[in-house]
Amino acid sequence: MKNGYQLLSLLHNKLEDNKLLISSMLEKDRESFSNDENMINIATAIISEIKEIAYALDQEVFILNKDLYNLLMPIAKYADNMFNQYKFVNAYKLYDVLKIDVKNLKDFLDKIKR
């Protein structure tokens, strides 16, 4: 099992690896993004990966760093409820999570990585 530092490093690397992809998604406006099924599928996969890492982290990591908890857990909780009862994702909300929450998480991880 990986420790907290390894998981945070993995999370940072996943976001770094997907940086260009996320940037290209966000170059579109919300409407264009919401009409691109391929981008929605990729974005949901990225959000789901973040969720898996968030839930794998020990509570001790969050106790030591409340800022990380405040950035990471809303994304994980969103991922838990990403699909509505009809199995459709709200593409506008997904776009906002990518644009705001994932960006803020990436910026935070960049700072602690240094």
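Above this text is the structure in question.
All of these numbers come straight from a predicted model, not from anything done at the bench.

Scoring rules and cut-offs
Residues numbered from 1 in each chain as written. Predicted model: local features only at pLDDT ≥ 70, side-chain atom pairs only at ≥ 80, totals over all residues. Heavy atoms only, no water. Helix = DSSP H or I, 4+ residues; strand = E, 2+ residues; numbered from the N terminus. Rg over C-alpha atoms; globule rule 2.2 N^0.38 Å. Contact = heavy atoms within 4.5 Å. Lys, Arg positive; Asp, Glu negative; His and termini not counted. Charge placed at Lys NZ, Arg CZ, Asp CG, Glu CD. Salt bridge = Lys/Arg side-chain N within 4 Å of Asp/Glu carboxyl O. Buried < 20%, exposed > 50% of the residue type's maximum accessible area, 1.4 Å probe, protein only. Phe/Tyr/Trp six-rings, centres within 6.5 Å; stacked < 30°, edge-to-face > 60°.

A.B. asks: Provide a residue-level description of the overall build of the protein chain, including the pertinent values.
C.D. replies: Assigned secondary structure in the protein chain consists of 7 helices and 0 strands. Order of helices (α) and strands (β) in the protein chain, N terminus to C terminus: α-α-α-α-α-α-α. In terms of overall size, the protein chain behaves like a compact globule, its C-alpha atoms giving a radius of gyration of 14 Å where 114 residues would be expected to give roughly 13 Å. Principal axes of the C-alpha set define a box for the protein chain whose edges measure 40 × 30 × 25 Å. Contacts spanning at least 24 positions in sequence make up 70% of the contacts within the protein chain whose residues lie at least 6 apart. Placing the 16 positive and 17 negative side-chain charges of the protein chain at their respective mean positions leaves the two points 3 Å apart.

A.B. asks: Can you tell me about the pattern of salt bridges, naming the residues and giving the values?
C.D. replies: Between side chains of opposite charge, a pair can form when the charged atoms approach closely. A complete count under the given rule lists 9 salt bridges for this structure. Between D80 and K51 there is a salt bridge, with the nearest N and O atoms lying 3.6 Å from each other. Remark: K51 occurs in helix α4 (residues 37-56) and D80 occurs in helix α6 (residues 66-80); sequence separation between them is 29 residues. Since its relative accessible area comes to 17%, K51 is described here as buried. Within the structure, one salt-bridge network assembled from shared partners comprises E16, K19, K106 and D110.

A.B. asks: Break down the environment of F33 for me, with residues and values.
C.D. replies: Inspection of the secondary structure puts F33 in helix α3 (residues 30-34). Taking the relative accessible area as the measure of exposure, F33 reaches 0% and is therefore buried. Setting aside its immediate chain neighbours within four residues, F33 contacts M25, K28, M39, I40, A43, A91, L94, Y95 and L98.

A.B. asks: I'd like a rundown of the packing of aromatic side chains, residues and numbers included.
C.D. replies: Taken as a whole and assessed by the stated rule, the structure comprises 2 aromatic pairs. Summarising the aromatic geometry, the rings of F33 and Y95 are spaced 5.4 Å apart at their centres and angled 55° between planes, so their arrangement reads as tilted. On the criterion of sequence distance, the pair formed by F33 in helix α3 and Y95 in helix α7 (residues 91-113) is long-range, its members being 62 residues apart. Classification of Y95 by relative accessible area gives buried; the value is 5%. Aromatic pair F62 and Y69: ring centres 5.2 Å apart, planes at 75°, arrangement edge-to-face. Taking relative accessible area as the criterion, F62 reaches 5% and is therefore assigned buried.

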